[in-house]
Amino acid sequence: MIFFIAIISLIVSTDTAFCRDKYQSFHMKPEDITAVLNSVLEHSAPQLADTMPDICFGCADVKYDHGTFKIVECGDGIYMSLRATDVIMNKKKYNLVAPFWGLLWHTLHQLNLPTWHVGGITDKNALAISESKKLNVNYAPSLKVLADDEYFQAAISKSSQLPVSINQSAGIIVYVAPMNREKQRDGKEYKEFRTKYPQFLYVNSTARAYLKQKDMTYNLFTRAGLSRFIPTFGVLPTMYNPATAFTIRSLIPNADLMVIKPTFSSLSYGVNIINQARLEPFLKLILQDSAKIPRLAHRSLSYWKYSKQAHFVASEYVPSQIIYKDGNPYDPTMRVMYIMYHNQGVIHVNVLGGFWKIPVKPLNESLANPTETHVTIAHAGDYFSGILLEQAESLRMKQLMAPVLAKAYEQMLIER
């Protein structure tokens, strides 16, 4: 039993997993890379003009319906699970590994600063390591090794002050904790390193806290005045109370289906779609009678058998436009990747692209439950992910999402 709990903890704690044993190396034509890098929205944020620069590499899961959308959760791009996907880049079809590390390296290269990739390498091709070498990105296996690096020390000597612009920064650091070591992502060593060397830009140093927790994502969008772009939601304690179901219905009055999910998990662990009639008994099961959940239950339930989180999220269920695969209708989710950075009161947003992923059960399967037909399961297989988002819809999505992401990012930077 202890071994099983350890395995569940390991799976839930890490986002970086694999859909395939091997990935193709990053390859895009130079003119297409340039076109993607130039597809940037500039958002004016004058109140941030005298604040430190910042870089965000993120992803979002979106319920999208012909131009309307709601962001159901976000993720730290550094730890996003790896997916080979067909994607349109500059009107050409490529098969790339999301979250498109090759484009991250090219974006950072444009900033003309010494750059270091520090820590783990889950897959050399997926993380576009050969591309990073071409762009002179330095590598250090650990923060300790980085601190002793002569080139790093030389960068420190050129800039010892807190930067208020990107060109004043000593360099850029992309820190990747070793695979399956969740605590090191935000651990003491990393925090102390950033405190000791504040003249560097650390990718996702601001965004990570907001991206990794669903309650923090939703509350951020609410404070930014972007509530219409997220589901109606509530954050509630995981201590069982018979009144909790009534509270949820009051917060989300017009929803027949509701989403119950952890504030912090990945790979769809603990995510359930529940109808009104089943809400109260379901809450009693996961919050009070979790010992009754079978040890080998589906991940949507097994998560709650061992969860120690203090709160959970309840939200309305939001559908996407139906897509068809092999003649069957599916309720998909769109995974979107983006890079943003702030420099002297201007936020630059590049929505890199997206793809569809589908649940393991189609909508026309009569015996399937709502969780099976509406929740995508990470790494269920290549059949269920990496589905091409057509060019016209991709362009429309980018135009719609970029200003929303910029406003949310601005709110993050105001609060830091």
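Calculation criteria
Residues numbered from 1 in each chain as written. Predicted model: local features only at pLDDT ≥ 70, side-chain atom pairs only at ≥ 80, totals over all residues. Heavy atoms only, no water. Helix = DSSP H or I, 4+ residues; strand = E, 2+ residues; numbered from the N terminus. Phe/Tyr/Trp six-rings, centres within 6.5 Å; stacked < 30°, edge-to-face > 60°. Buried < 20%, exposed > 50% of the residue type's maximum accessible area, 1.4 Å probe, protein only. Lys NZ or Arg CZ within 6 Å of the ring centre and 35° of its normal. Arc of directions from axis to C-beta. Contact = heavy atoms within 4.5 Å. Patch = residues over 30% accessible without salt bridge, like charges linked within 9 Å, V, L, I, M, F, W, Y side chains within 5 Å. Areas by Shrake-Rupley, 256 points an atom, 1.4 Å probe, with all protein chains shown as cover. Salt bridge = Lys/Arg side-chain N within 4 Å of Asp/Glu carboxyl O. Core = buried A, V, L, I, M, F, W, Y, C linked by side-chain atoms within 4.5 Å. Axes fitted to C-alpha atoms, helices over the stretch in contact; angles between N-to-C directions. Parallel < 35°, antiparallel > 145°, perpendicular 65-115°, else oblique. Nonpolar A, V, L, I, M, F, W, Y, C, P; charged D, E, K, R; others polar. Pairing = 2+ DSSP bridges.

### Things to note about unusual backbone geometry
Cis peptide bonds are those with omega within 30 degrees of zero, and the linkage from A98 to P99 qualifies with 15°. Here P99 lies in the loop between β5 (92–98) and α3 (101–110). Located in the positive-phi region is N90, a residue other than glycine, with phi close to 55°. Mapped onto the secondary structure, N90 falls in the loop between β4 (83–89) and β5. Backbone geometry places A128, a non-glycine residue, at a positive phi of 50°.

### A few points about the packing of aromatic side chains
Using the criterion set out here, one finds 17 aromatic pairs in the structure. Ring geometry for W101 and W105: centres 5.5 Å apart, planes at 45°, overall tilted. Residue W101 and its partner W105 are located together in helix α3, separated by 4 residues, close to a single helical turn. Across this residue pair, the class does not change: W101 and W105 are buried. Taking 5.5 Å as the distance between ring centres and 85° as the angle between the ring planes, the aromatic pair formed by W116 and F152 counts as edge-to-face. On the criterion of sequence distance, the pair formed by W116 in strand β6 (residues 115–119) and F152 in helix α6 (residues 150–158) is long-range, its members being 36 residues apart. The buried category is assigned to W116, whose relative accessible area is 1%. Each residue in the set W116, Y151, F152, Y175, Y190, F193, Y197, F200 and Y202 is aromatic and connected to the rest through ring pairs, giving one cluster. The cationic tip of R185 hangs over the ring face of Y79; the distance from NZ or CZ to the ring centre is 3.9 Å.

### Structural notes on helix α2 (residues 30–37)
The set of residues buried in α2 consists of D32, I33, V36 and L37. The arc that holds every buried residue of α2, seen down its axis, measures 135°, which confines them to one face. Along its buried surface, α2 packs onto β4, β5, α3, α4 (129–134) and β17 (346–357).

### Comments concerning a nonpolar patch on the surface
A grouping of I322, Y324 and L363 is seen on the molecular surface, where their side chains present a nonpolar patch of about 310 Å² in accessible area. Structurally, the position occupied by Y324 is in strand β14 (residues 323–325).

### Observations regarding the side chain of S315
Take S315: it is sitting in strand β13 (residues 311–316). Aside from chain neighbours lying at most four places away, what touches S315 is Y218, P231, T232, F233, I252, M258 and V259.

### A word on the nonpolar core
Counting residues in hydrophobic clusters, the biggest one holds 63 residues, and the most contacted among them are W101 and F200. If we skip the residues at most four places from it in the chain, W101 touches F57, G77, I78, A126, L127, A128, V174 and V176. Within the second largest apolar cluster, 46 residues are counted, among which are F233, I347, A406 and A408.

### Some points on the environment of F69
The residue F69 is located in strand β3 (residues 68–76) in this model. The class for F69 is buried, based on a relative accessible area of 8%. For the pair F69 and Q321, spaced 252 residues apart in sequence, the C-alpha separation works out to 9.9 Å. Excluding residues within four positions of it along the chain, F69 makes contact with V62, K63, Y64, R228, F229, L400, M401 and V404.

### So, the packing of helix α10 (residues 214–223) against helix α15 (residues 391–415)
Between two packed helices, both the angle of their axes relative to each other and the distance between the axes serve to describe the pair. Two elements in contact, α10 and α15, have axes separated by 9 Å at closest approach and are oriented at 95°. Taken as axis vectors, α10 and α15 run roughly perpendicular relative to one another. Side by side, α10 and α15 meet where L220, F221 and R223 of the first sit next to V404, A408, Q411, M412 and E415 of the second. Each residue belonging to the contact of α10 with α15 can be placed in one class, and the counts come to 5 nonpolar, 1 polar and 2 charged.

### Details of the environment of K29
Mapping K29 onto the fold places it in the loop between α1 (2–13) and α2. Overall, the relative accessible area of 42% leaves K29 in the partly exposed class. With 304 residues separating them along the chain, K29 and T333 place their C-alpha atoms 29 Å apart.

### Examining the sheet that holds β6
Overall, parallel pairing links the 4 strands, which are arranged β7-β6-β8-β9 in an open sheet. Two strands in the sheet have a free side with no partner beyond their single neighbour: β7 (138–140) and β9 (200–202). Within the sheet, the average angular offset between the axes of one strand and its neighbour, ignoring direction, is 25°. The pairing of β6 with strand β8 (residues 171–176) spans 5 bridges and is classified as parallel. Bridged to H117 within β8 is V174.

### Considerations on the sheet that holds strand β16 (residues 333–343)
Judged by pairing direction, the sheet is antiparallel, and its 5 strands sit side by side in the order β1-β17-β16-β2-β3 without closing on themselves. Single-partner strands in this sheet number two, and they are β1 (41–44) and β3. Each neighbouring strand pair of the sheet contributes to a mean axis angle of 30°, computed without reference to strand direction. Pairing geometry for strand β2 (residues 54–65) and β16, over 9 bridges, is antiparallel.

Everything listed here is a matter of geometry and, on its own, says nothing about what the molecule does.
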